[in-house]
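Fold and geometry: a report
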Amino acid sequence: MSIALTPGGAAGAEEIVAVARSIFSRSLTHGSTGNISLRTHDGILVTPTGSSLGTVEPGDLSLIDERGAHVGGARPSKEAFLHAAVLRARPSAQAVIHTHSTYSAAVSCLDDIDPASALPPLTAYFAMRIGRLPLLPYHAPGDDSLGPVAEAAARDHVALLLSNHGPVVAGASLSAALDALEELEETAKLHLLLHGRSIRPLTPTQAAALAPPAR
Ligand SMILES: [Zn+2]
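From a predicted model like this one, the values you see are computed outputs, not experimental measurements. (Residues numbered from 1 in each chain as written. Predicted model: local features only at pLDDT ≥ 70, side-chain atom pairs only at ≥ 80, totals over all residues. Heavy atoms only, no water.)

1. Quick notes on the pattern of salt bridges
Here is the rule we go by: We define a salt bridge as a contact between a side-chain nitrogen of Lys or Arg and a carboxyl oxygen of Asp or Glu at a distance within 4 Å. Secondary structure elements follow DSSP: runs of H or I of four or more residues count as helices, runs of E of two or more count as strands, with numbering from the N terminus. The cut-offs for exposure are 20% and 50% of the maximum accessible area for each residue type, with area from a 1.4 Å probe on protein chains only; residues under the lower value are buried, those over the upper are exposed, and the others partly exposed.
Summed over the entire model, instances satisfying the criterion amount to 7 salt bridges. Between Glu66 and Arg39 there is a salt bridge, and its shortest N-O distance comes to 2.5 Å. Residue Glu66 is found in the loop between strand E3 (62-64) and strand E4 (70-73), and its partner Arg39 is found in strand E1 (residues 35-40); the two are separated by 27 residues along the sequence. By relative accessible area, Glu66 is classed as partly exposed at 37%. Arg155 serves as the salt-bridge partner of Glu151, at 3.5 Å between the closest nitrogen and oxygen. In this structure Arg155 comes out as partly exposed when scored by relative accessible area, which is 32%. Residues participating in the shared-partner salt-bridge network are Arg88, Glu151 and Arg155.

2. Side note on helix H1 (residues 7-25)
Here is the rule we go by: By definition here, a helix of n residues has an expected span of 1.5 Å times n minus one. The arc under discussion is defined with respect to the helix axis, by the directions toward the C-beta atoms. What makes two residues a contact is simply this: any of their non-hydrogen atoms within 4.5 Å.
Compared with the 27 Å implied by 1.5 Å per residue over 19 residues, the 27 Å span of H1 between its first and last C-alpha is a close match. Looking at H1, one finds that the buried residues are Gly9, Gly12, Ala13, Ile16, Val17, Val19, Ala20 and Ile23. Taken end-on, H1 shows its buried residues confined to a sector of 170 degrees, consistent with a single buried face. More than 90 degrees from the buried face of H1, the exposed residues found are Pro7 and Ser25. Those residues of H1 that are buried are in contact with E1, strand E2 (43-46), strand E5 (95-98) and helix H6 (174-193). At the exit of H1 stands Ser27, carrying a positive phi of roughly 60 degrees.

3. A look at the UniProt feature "domain: Class II aldolase/adducin N-terminal" (unreviewed entry) in the chain
Defined as follows: UniProt positions are given in the numbering used here, feature names are shortened, and annotations may be inferred rather than shown by experiment.
When the UniProt feature table is mapped onto this chain, "domain: Class II aldolase/adducin N-terminal" (unreviewed entry) is found at residues 14-192. What you have in residues 14-192 is 35% helix and 18% strand, and the ends, taken at the C-alpha atoms, are 35 Å apart.

4. Brief notes about the pairing of E4
Counted only if it meets this: One requirement defines pairing of two strands: DSSP has to find at least two bridges between them.
Examined bridge by bridge, E3 and E4 share 3 bridges and lie antiparallel to one another. Across the sheet, the residue bridging to Leu63 is Gly72, located in E4.

5. Some remarks on the sheet that holds E4
Ordered in space as E4-E3-E2-E1-E5-E8-E7-E6, the 8 strands form an open sheet in which the pairing is mixed. One side of each edge strand has no neighbouring strand; the edge strands of this open sheet are E4 and strand E6 (135-136).

6. Side note on the environment of Ser145
For clarity, the threshold we go by: Pairs of N or O atoms are called polar contacts if they sit within 3.5 Å, as long as, within protein, a hydrogen donor faces a hydrogen acceptor (for residues adjacent in sequence, only side-chain-to-side-chain pairs).
In this structure, Ser145 sits in the loop between E6 and helix H5 (146-154). On the basis of relative accessible area, Ser145 is assigned to the partly exposed category, the value being 37%. Considered as a pair, Ser145 and Gly12 are 133 residues apart in the sequence and their alpha carbons are 29 Å apart. A distance of 2.7 Å separates polar atoms of two side chains, one belonging to Ser145 and the other to Asp143.

7. A closer look at the packing of helix H2 (residues 80-89) against H5
Which entries qualify depends on this criterion: Convention adopted: a line fitted to C-alpha atoms gives each axis, helices being fitted over their contacting stretch, and angles between N-to-C directions are expressed from 0 to 180 degrees. Small angles under 35 degrees read as roughly parallel and large ones over 145 as roughly antiparallel, with 65 to 115 read as roughly perpendicular and the rest as oblique. Each helix crossing is assigned a hand: it is left-handed if the near helix lies turned anticlockwise from the far helix by less than a right angle, otherwise right-handed if that turn is clockwise. Each residue is assigned to one class: nonpolar for Ala, Val, Leu, Ile, Met, Phe, Trp, Tyr, Cys and Pro, charged for Asp, Glu, Lys and Arg, and polar for all the others, Gly among them.
Between H2 and H5, the shortest axis-to-axis distance is 8 Å and the interhelical angle comes to 30 degrees. Considering their axes alone, H2 and H5 lie roughly parallel with respect to each other. Like other packed secondary-structure pairs, H2 and H5 cross with a definite hand, here right-handed. Here H2 contributes Phe81, Leu82, Ala85, Val86, Arg88 and Ala89 to the contact with H5, which in turn contributes Leu146, Gly147, Ala150, Glu151 and Ala154. Looking at side-chain class alone, the contact of H2 with H5 contains 8 nonpolar, 1 polar and 2 charged residues.

8. Quick notes on the nonpolar core
Put simply, the rule reads: Among buried residues, those of type Ala, Val, Leu, Ile, Met, Phe, Trp, Tyr and Cys that are joined through side-chain atoms within 4.5 Å constitute a nonpolar core.
Judged by nonpolar contacts, the single largest core of 35 residues is most densely connected at Ile23, Ile36, Ile97, Leu133, Leu174 and Leu184. Those elements that place two or more of their residues in this core are H1, E1, E5, strand E7 (159-162) and H6. Among the elements that line this core, the one with the most residues is H6, at 7 residues. Setting aside residues up to four positions removed in sequence, Ile23 forms contacts with Leu28, Thr29, Ile36, Leu53, Ile97, Thr99 and Leu178. In terms of nonpolar packing, the next biggest core, distinct from the first, is built from 21 residues, Val46, Ala84, Ala89 and Ala93 among them.

9. Remarks on unusual backbone geometry
Residues other than glycine predominantly adopt negative phi, and peptide bonds predominantly adopt the trans conformation. One non-glycine residue, Ser27, lies in positive phi territory at about 60 degrees. Its identity as a non-glycine residue notwithstanding, Asn164 has a phi of 50 degrees, on the positive side. Within the element layout of this structure, Asn164 appears in the loop between E7 and strand E8 (166-171).

Right, dumping it as structure tokens:
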């Protein structure tokens, strides 16, 4: 079932598909993993269950409400509750992107991470776009008991890292969320490249001066 959208909602659906293609074509997620949401006047548009970001079309999208309930279109991703949770926690956010990006997922499997801060502020752009990145405990895919955990963490953080899984990033727009996701992935890559070396991240004062707004 495709969805009837207002012109604003239809433009949002096109935007989601453009970002989905960009993510998939650059291997920022793979297979049928990854999902994208955007607030519109019609509700929260989210990519559907079982779809690939490489082939999803605007008419395939789902509509959910702020509680994560399905209100129109195709059946939403089984991770849609995560998007609703982050959007509830961050009223200024318009969009959320979740992927299984390789380097971020690799960091999410490391045994020796501080769960309050999974990656050091290696670069100014990471400090600016992500700030502090909490690592949330492991939950099986689709386990919606992760919802309240993600909602609480998202109140104070733009991005979350799910253990043995991948990142969830909010943004004031879809392009801002995509920029932040890419910054996170590149920083995870740097972190792994630097493994075993003595590193000099930004100082707490330097990082705090660039930190994104708490909400
Ligand atoms: Zn996932």
